[in-house]
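Residues per chain, in single letters:
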Amino acid sequence: MAKVTVKDLDVKGKRVIVRVDFNVPHKGDVITDDNRIVAALPTINYLTENGAKVILLSHLGKVKTDEDKVKNDMSIVAKRLAEVQNAPVKFVNATRGEELESAVNAMNEGEIILMQNTRYEPGESKNDPELGAYWASLGDLFVEDAFGSVHRAHASTVGIPTHLPSAVGFLVEKELSFLGGALNNPGRPFVAILGGAKVSDKIGVIENLLKIADKVLIGGGMAYTFAAAEGKKIGNSLLEADKIDLAKDFMAKGEGKLFLPVDTVIANDFDAPTDIKTVASGEIPDGYMGLDIGDATIAEFQKELEGAKTVFWNGPMGVFEKPEFAKGTIEICKTLAELDGATTIIGGGDSASAAKNLGFAEKFSHISTGGGASLEFMEGKELPGVAVIAEK
Ligand code: AMP
């Protein structure tokens, strides 16, 4: 069953509240990556072109103190949105009250308002019912397009749509279509590649993908907990000792489909390494730590990826922020970018940045805009901001 989408709503002349994900990285007033703003444009443009009055709500960063408020002032996003949209955007420096209400009442069809950061309201993250009802009172309809926030039950993601006829926007629709396609009806073979620092962050996703995917390839820091579970020597590599039993359990369940690195790039120091070399997995001497997958593992993973019809990738293969330990991530990224006839999906976060920085973004079928949300989705969890929207 598919969710009601923005196209199912009669938006002409209506006040449409859109929860977008404008939680963009920024240094001071400078937005360093406007992808999330650009990703919201299809829904915003559709609404303005169809005569809606568009009221945009989003959070930006974490807001606990007054200093955080200054740091995460949404006005910088309003400026950038107006530039990329090439249309005026009225910024309202309030999250409730007279200024906000009169701005909404004065709107004409096709106009856009961006409200101040939803997290200026302490009730936002607690899904305060009064706040959700108040924001809902400003609109006639609600559109959920903040994929990066749908795994959180907040006033703006879940509170508002409990009061208004609601739909998903084009971005959430696209995310659900790609991620849902991989989970529910993947072209096979379906290969998942999981990396990153910690097993504990990825337990749910490994567990679910071991059931669904044909192969699960594990790299990154979390591979060393698996190596330790096999009784191998991992030197000073990242280890989550309390996850060793779980890793054993995964290896037993994943027999034949779980692939671990066969070699690893090691160094004698994380910050200032003077000795970097490649050794077989499990032969890491004391005083050394594993920081990337080695060439033999790259070749092995490439072989396992041959002929894949669906690939889901989350998490770097090594400490890719440092050029000495980036090769594994770069080579895997390249391999995926060049896979013919496969649906290739990146689950947000660091792997998404790696693909973009390497200039491969266009070569993937889909790069999720929500790291946390896409992982929770792939774990098989219900996303509250999606669950609240009715099925067609
Ligand atoms: P995550 O957020 O869980 O996807 O983890 C991403 C982080 O994992 C990146 O900052 C990487 O530097 C880090 N990482 C990847 N491989 C290793 C490793 N072998 N040792 C330590 N950190 C790693």
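Sequence order as written defines residue numbering, which begins from 1 separately in each chain. Under the rules for a predicted model, residues below a pLDDT of 70 receive no local features and side-chain atom pairs below 80 are neither given nor counted, while totals for whole chains, interfaces and linings still include all residues. Computation of side-chain values covers all heavy atoms of the structure but excludes hydrogens and water.

**A closer look at the domain arrangement of the protein chain**
Many analyses report the size of an interface as the accessible area lost when the parts associate. For clarity, the threshold we go by: Those domain boundaries reflect an automatic or database domain assignment. In what follows, residue pairs with any heavy atoms lying within 4.5 Å of each other are defined as contacts. By buried area we mean how much accessible surface two parts lose on assembly, using a 1.4 Å probe and totalling the loss over both. Salt bridges are counted wherever a side-chain nitrogen of Lys or Arg sits within 4 Å of a carboxyl oxygen of Asp or Glu. Counted as a polar contact is a pair of N or O atoms within 3.5 Å, where, for protein atoms, one must be capable of donating a hydrogen and the other of accepting one, and residues adjacent in sequence contribute only when both atoms are in side chains. Helix and strand labels come from DSSP, where a helix needs a run of H or I of at least four residues and a strand needs a run of E of at least two; each type is numbered from the N terminus.
We note that the domain assignment places domain 1 (6-171) and domain 2 (186-378) within the protein chain. Taking only C-alpha atoms, the centre of domain 1 and the centre of domain 2 are 35 Å apart. Taken together, the contact between domain 1 and domain 2 spans ten residues of the former and eight residues of the latter. Summing both sides of the interface, domain 1 and domain 2 together bury roughly 630 Å²; the carbon and sulfur share of this comes to 63%. Area buried by domain 1 at its contact with domain 2 is led by Arg36, Phe147 and His151, which between them contribute 66% of it. Along the contact surface separating domain 1 from domain 2 lie zero salt bridges. Counting across the interface, domain 1 meets domain 2 through one residue pair in polar contact (both at pLDDT 80 or more). At three residues, helix H1 (residues 35-49) tops the list of elements feeding residues into the side of domain 1 that touches domain 2.

**What to know about the nonpolar core**
Here is the rule we go by: By convention a nonpolar core is built from buried Ala, Val, Leu, Ile, Met, Phe, Trp, Tyr and Cys residues, the set being connected through side-chain atoms within 4.5 Å. For each residue, the accessible area found with a 1.4 Å probe, counting protein chains only, is set against the maximum for its type, and the residue is called buried under 20%, exposed over 50%, and partly exposed in between.
Grouped together as the largest cluster of nonpolar side chains are 47 residues, with contacts concentrated most on Leu209, Val216, Ile218, Phe226 and Met378. Counting only elements with at least two residues in this core, the list comes to helix H7 (170-184), strand S9 (190-194), helix H8 (199-212), strand S10 (215-218), helix H9 (223-229), helix H10 (244-253) and helix H14 (371-378). There are two domains that each give this core at least three residues, and those are domain 1 (6-171) and domain 2 (186-378). When residues no more than four places from it in sequence are discounted, the contact partners of Met378 are Leu179, Ala182, Leu183, Phe190, Val205, Asn208, Leu209 and Phe312.

**Observations concerning the layout of surface pockets**
We count it as follows: Two kinds of site are reported from a 1 Å grid over the protein atoms alone, namely cavities, where a 1.4 Å probe fits but cannot get out, and pockets, open sets with protein on both sides within 12 Å along at least five of seven lines, and residues are called lining when an atom falls within 4 Å of a point. Grid points are joined across faces, edges and corners, and a volume is the space filled by probe spheres set on the points. For this classification, Asp, Glu, Lys and Arg are treated as charged, while Ala, Val, Leu, Ile, Met, Phe, Trp, Tyr, Cys and Pro are nonpolar and the rest, including Gly, are polar.
Volume-wise, the largest pocket comes out at about 730 Å³. Along the wall of the largest pocket there are 27 residues; nearest its centre are Asn23, Pro25, Arg36, Thr369 and Gly371. Counting residues per element, the ones that place at least two in the lining of the largest pocket are H1, helix H13 (349-357) and H14. For the lining of the largest pocket, the element with the most residues is H13, which contributes six residues. Along the lines of polarity and charge, the residues of the lining of the largest pocket split into three nonpolar, 16 polar and eight charged. The residue makeup of the lining of the largest pocket includes at least three contributed by each of domain 1 (6-171) and domain 2 (186-378).

**Structural notes on the environment of Val158**
Turning to its location among the elements, Val158 is positioned in helix H6 (residues 155-159). Along the backbone, Val158 and Gly132 are 26 residues apart, and their C-alpha atoms lie at a distance of 7.8 Å. Here Val158 is in contact with Asn127, Arg152, Ala153, Pro384, Gly385 and Val388, once residues within four sequence places are set aside.

**Looking at H8**
Side chains three or four residues apart in an α-helix point the same way, a direct result of the helix having 3.6 residues per turn. What counts here: To estimate how far a helix should extend, the number of its residues minus one is multiplied by 1.5 Å. Note on bend: the value at a residue is the angle between axes fitted to the seven residues ending there and to the seven starting there.
The terminal C-alpha atoms of H8 lie 19 Å apart, and with 14 residues this matches the ideal 20 Å at 1.5 Å per residue to within 8%. Where H8 bends most, at Val205, the angle is about 35°. Of the positions making up H8, those classed as buried are Val199, Lys202, Val205, Ile206, Asn208, Leu209, Leu210 and Ile212.

**Some remarks on unusual backbone geometry**
Pro189 follows Arg188 through a cis peptide bond whose omega is 5°. For Pro189, the location among the structural elements is in the loop between H7 and S9. Positive phi, normally seen in glycine, also occurs at Asn86, with a value near 55°. Secondary-structure assignment places Asn86 in the loop between helix H3 (75-85) and strand S5 (90-92). Even without being a glycine, Asn127 presents a positive backbone phi close to 50°. Turning to its location among the elements, Asn127 is positioned in the loop between strand S6 (112-115) and helix H5 (129-136).

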